[in-house]
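Here is how the chains run, residue by residue.
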2 protein chains.
Amino acid sequence: MTKGSDPLRATVRNHIRSLRFAASEMTQQDLANRIGVSRQTLNAIEGEKYSPSLEVAFRIARVFGKPLEEVFTCQFEAAPPRKRPK
Amino acid sequence: MTKGSDPLRATVRNHIRSLRFAASEMTQQDLANRIGVSRQTLNAIEGEKYSPSLEVAFRIARVFGKPLEEVFTCQFEAAPPRKRPK
DNA sequence: ACGCCGTGTCAAGAAAAGTTGACATCTGCG
DNA sequence: CGCAGATGTCAACTTTTCTTGACACGGCGT
């Protein structure tokens, strides 16, 4: 991945933080435990430093009892903007 | 990931092959190009040698015009079976 | 003031995902 | 037959994801 050659750029977003608060103020540590990843990893995912593996994504969705696409969304933007499409 | 310590084991399955045939006999190479990954990578994913990144998963679903959960599914099994739960 | 908890972040390293290039097999077609 | 396309697979390598351990910072309760 991460090749300048392909037409569509994909960006993955997530609603983990709000879901976590909605779920009786669950802490990052708690969630991380339930998912089966480290606290730092969850922190990075939640903060969108990188996107998780599909498996981890499924696990997260499961904890919240929501379909994956309600936790993670993907936007496809056209041609890598020179400046940012106004 | 891949820790023996967590309670639920997750296995990811996919319907890429059938979708690919349904889509006018699209070849692995074609699909790989449209997704933006190599033919070998797609082959591995399709054959479930490993599960893709969330981003690639979204890209695949997009090509087929289906929601991600219709292309990839996740099963959670309890306690790592000694033999396979009858 | 002090400790504690939740969070953000860094570094170093292991593991998984993805890359290229090569080669084997199988099918279908001239 | 001979050849081309589609697929499966291997090896070596890069990049991304995930791990542990550490430390800093901002509340908040006592």
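Residues numbered from 1 in each chain as written. Chains lettered and ligands numbered in written order. Predicted model: local features only at pLDDT ≥ 70, side-chain atom pairs only at ≥ 80, totals over all residues. Heavy atoms only, no water.

**Some points on the pairing of strand 1 (residues 9–14) of chain A**
Residues and elements named next belong to chain A.
And then number 1: Where burial is concerned, the two faces of strand 1 differ: the one with Ala10, Val12 and Asn14 is buried and the one with Arg9, Thr11 and Arg13 is not.
And then number 2: Pairing between strand 1 and strand 2 (residues 72–77): 6 bridges, direction antiparallel. In the sheet register, Thr11 faces strand 2, and the bridge partner there is Gln75. (Buried < 20%, exposed > 50% of the residue type's maximum accessible area, 1.4 Å probe, protein only. Helix = DSSP H or I, 4+ residues; strand = E, 2+ residues; numbered from the N terminus. Pairing = 2+ DSSP bridges.)

**A closer look at the environment of Ser51(B)**
And then number 1: With respect to the element layout, Ser51(B) can be found in the loop between helix 3 (39–46) and helix 4 (54–64).
And then number 2: Between the C-alpha atom of Ser51(B) and that of Arg13(B), which follows or precedes it by 38 residues, the distance is 8.3 Å.

**Remarks on the interface of chain B and chain A**
Many descriptions give the size of an interface as the accessible area lost when the pieces come together.
And then number 1: Contacts between chain B and chain A engage 24 residues on the former and 24 residues on the latter.
And then number 2: Counting across the interface, chain B meets chain A through 0 salt bridges.
And then number 3: For the pair chain B and chain A, the interface holds 6 residue pairs in polar contact (both at pLDDT 80 or more).
And then number 4: Per element, the largest residue contribution to the side of chain B that touches chain A is 7 residues, and it comes from helix 4 of chain B.
And then number 5: Looking at side-chain class alone, the side of chain B that touches chain A contains 15 nonpolar, 4 polar and 5 charged residues. (Contact = heavy atoms within 4.5 Å. Salt bridge = Lys/Arg side-chain N within 4 Å of Asp/Glu carboxyl O. Polar contact = N/O pair within 3.5 Å; in protein donor to acceptor, adjacent residues only side chain to side chain. Nonpolar A, V, L, I, M, F, W, Y, C, P; charged D, E, K, R; others polar.)

**As for the relation of the copies chain B and chain A**
And then number 1: Its rotation angle being 180 degrees, the transformation that places chain B on chain A also includes 0.0 Å of axial translation and leaves an RMSD of 0.0 Å. Both copies are brought into coincidence by an operation consistent with a two-fold rotation axis. (Least-squares fit on C-alpha atoms with pLDDT ≥ 70 in both.)

**Focus on the protein's contact with DNA strand D**
And then number 1: By nearness alone, 22 residues border DNA strand D, and Ser38(A), Thr41(A), Tyr50(A), Gln28(B) and Arg39(B) come closest of all.
And then number 2: A share of 60% is what sugar and phosphate atoms reach among the atoms of DNA strand D within 4 Å of the protein.
And then number 3: At 3.2 Å, a side-chain N or O of Gln40(A) approaches a base nitrogen of DNA strand D.
And then number 4: Between DNA strand D and the protein, one listed contact pairs a phosphate oxygen with a backbone N or O atom of Ser51(A) at 3.0 Å.
And then number 5: Of all elements in the fold, only helix 3 (39–46) of chain A together with helix 1 (16–22) and helix 3 of chain B reach the threshold of two or more residues within the surface near DNA strand D.
And then number 6: Per-element tally for the surface near DNA strand D: the top contributor is helix 3 of chain A, with 4 residues.
And then number 7: Of the residues belonging to the surface near DNA strand D, the class tally is 6 nonpolar, 11 polar and 5 charged. (Near = heavy atom within 4 Å.)

**Here's the deal with the nonpolar core**
And then number 1: Among the nonpolar cores identified, the biggest contains 44 residues, and Leu54(A), Ile60(A), Leu68(A), Phe72(A), Leu54(B), Leu68(B) and Phe72(B) are the most heavily contacted of them.
And then number 2: Leave out the neighbours within four places in its chain, and Leu68(B) touches Leu54(A), Phe58(A), Leu68(A), Glu69(A), Leu54(B), Ala57(B), Phe58(B) and Ala61(B). (Core = buried A, V, L, I, M, F, W, Y, C linked by side-chain atoms within 4.5 Å.)

**Description of the protein's contact with DNA strand C**
And then number 1: Taken together, 22 residues are adjacent to DNA strand C, and Gln28(A), Arg39(A), Asn43(A), Ser38(B) and Thr41(B) come closest.
And then number 2: Sugar plus phosphate, as a fraction of atoms of DNA strand C within 4 Å of the protein: 62%.
And then number 3: The contact in question runs from a phosphate oxygen of DNA strand C to an N or O atom on the backbone of Ser51(B), over 3.1 Å.
And then number 4: Those elements that place two or more of their residues in the surface near DNA strand C are helix 1 (16–22) and helix 3 of chain A together with helix 3 of chain B.

**A few points about the packing of helix 2 (residues 28–35) of chain A against helix 4 (residues 54–64) of chain A**
Residues and elements named next belong to chain A.
And then number 1: It is the contact of helix 2 with helix 4, at a shortest axis distance of 9 Å, that shows an interaxial angle of 115 degrees. Crossing of helix 2 against helix 4: the hand is right-handed. Each of Leu31, Arg34 and Ile35 in helix 2 lies in contact with helix 4, whose residues at this interface are Val56, Arg59, Ile60, Val63 and Phe64.
And then number 2: Here the residues of the contact of helix 2 with helix 4 are counted per class, giving 6 nonpolar, no polar and 2 charged. (Axes fitted to C-alpha atoms, helices over the stretch in contact; angles between N-to-C directions. Left-handed = near helix turned anticlockwise from the far one by under 90°.)

**Quick word on the packing of aromatic side chains**
And then number 1: Counted according to the given criterion, the structure contains 0 aromatic pairs over all chains.
And then number 2: Over the face of the ring belonging to Phe76(A) we find Arg62(B), whose NZ or CZ atom lies 4.5 Å from the ring centre. (Phe/Tyr/Trp six-rings, centres within 6.5 Å; stacked < 30°, edge-to-face > 60°. Lys NZ or Arg CZ within 6 Å of the ring centre and 35° of its normal.)

Nothing here speaks to function; it is all geometry.
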